Amino acid sequence: MAREVTHEERGPARLDESDTGDDGMIYVCQCGLSGSRPFCDGSHNATTDEADDAVYKYEDDDPDGERREIAEIVYEGE
Ligand code: FES
């Protein structure tokens, strides 16, 4: 699975100790759908049923928005 997301920032986010969670860890979003990037906010739960061979687009990059399959991933050798 994969998904297309829109990124508008043009530079890095600087993190410090105030960015740690209750457990002292920092959770960085890798799904691209968090509303508080660069941090994970649990939005990745919307992706758990994505097919391995598809690329998705969520309306307005909103995990609760309409999800469309926009492409199929074709792996070499298949
Ligand atoms: S990994 Fe993106 S919201 Fe958790």
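See the structure printed just above.
An account of the accompanying structure is given in this report. (Residues numbered from 1 in each chain as written. Predicted model: local features only at pLDDT ≥ 70, side-chain atom pairs only at ≥ 80, totals over all residues. Heavy atoms only, no water.)

1. Let's talk about the sheet that holds strand β2 (residues 54-58)
Pairing in this open sheet of three strands is mixed, and the strands run β1-β2-β3 from one edge to the other. Where the open sheet ends on each side, the last strands, each with one partner, are β1 (2-4) and β3 (67-72). Taking each pair of neighbouring strands and ignoring which way they run, the sheet shows an average axis angle of 35°. Here five bridges tie β2 to β3, and the two strands are oriented antiparallel to one another. Its bridge partner lying in β3, Y58 is registered against R67. (Pairing = 2+ DSSP bridges. Helix = DSSP H or I, 4+ residues; strand = E, 2+ residues; numbered from the N terminus. Axes fitted to C-alpha atoms, helices over the stretch in contact; angles between N-to-C directions.)

2. As for the nonpolar core
Counting six residues, the largest nonpolar core consists of C29, C31, L33, A54, Y56 and Y58. C29 has contacts with S34, R37, P38, F39 and C40, leaving out every residue within four places of it along the chain. (Core = buried A, V, L, I, M, F, W, Y, C linked by side-chain atoms within 4.5 Å. Buried < 20%, exposed > 50% of the residue type's maximum accessible area, 1.4 Å probe, protein only. Contact = heavy atoms within 4.5 Å.)

3. Description of a negative patch on the surface
Together, E59, D60, D62, D64 and E66 make up a region of like negative charge exposed at the surface. On the secondary structure map, E59 appears in the loop between β2 and β3. With relative accessibility at 44%, the residue E59 sits in the partly exposed group. (Patch = residues over 30% accessible without salt bridge, like charges linked within 9 Å, V, L, I, M, F, W, Y side chains within 5 Å. Areas by Shrake-Rupley, 256 points an atom, 1.4 Å probe, with all protein chains shown as cover. Salt bridge = Lys/Arg side-chain N within 4 Å of Asp/Glu carboxyl O. Lys, Arg positive; Asp, Glu negative; His and termini not counted. Charge placed at Lys NZ, Arg CZ, Asp CG, Glu CD.)

4. With respect to a nonpolar patch on the surface
Residues L15, I26 and V28 make up a contiguous nonpolar surface patch of about 220 Å² in total accessible area. Looking at the element boundaries, L15 is found in the loop between β1 and β2.

5. Let's talk about the side chain of T47
Mapped onto the fold, T47 is located in the loop between β1 and β2. One polar contact links the side chain of T47 to the main-chain carbonyl oxygen of H44, over a distance of 2.7 Å. When residues no more than four places from it in sequence are discounted, the contact partners of T47 are R3, L33 and Y58. (Polar contact = N/O pair within 3.5 Å; in protein donor to acceptor, adjacent residues only side chain to side chain.)

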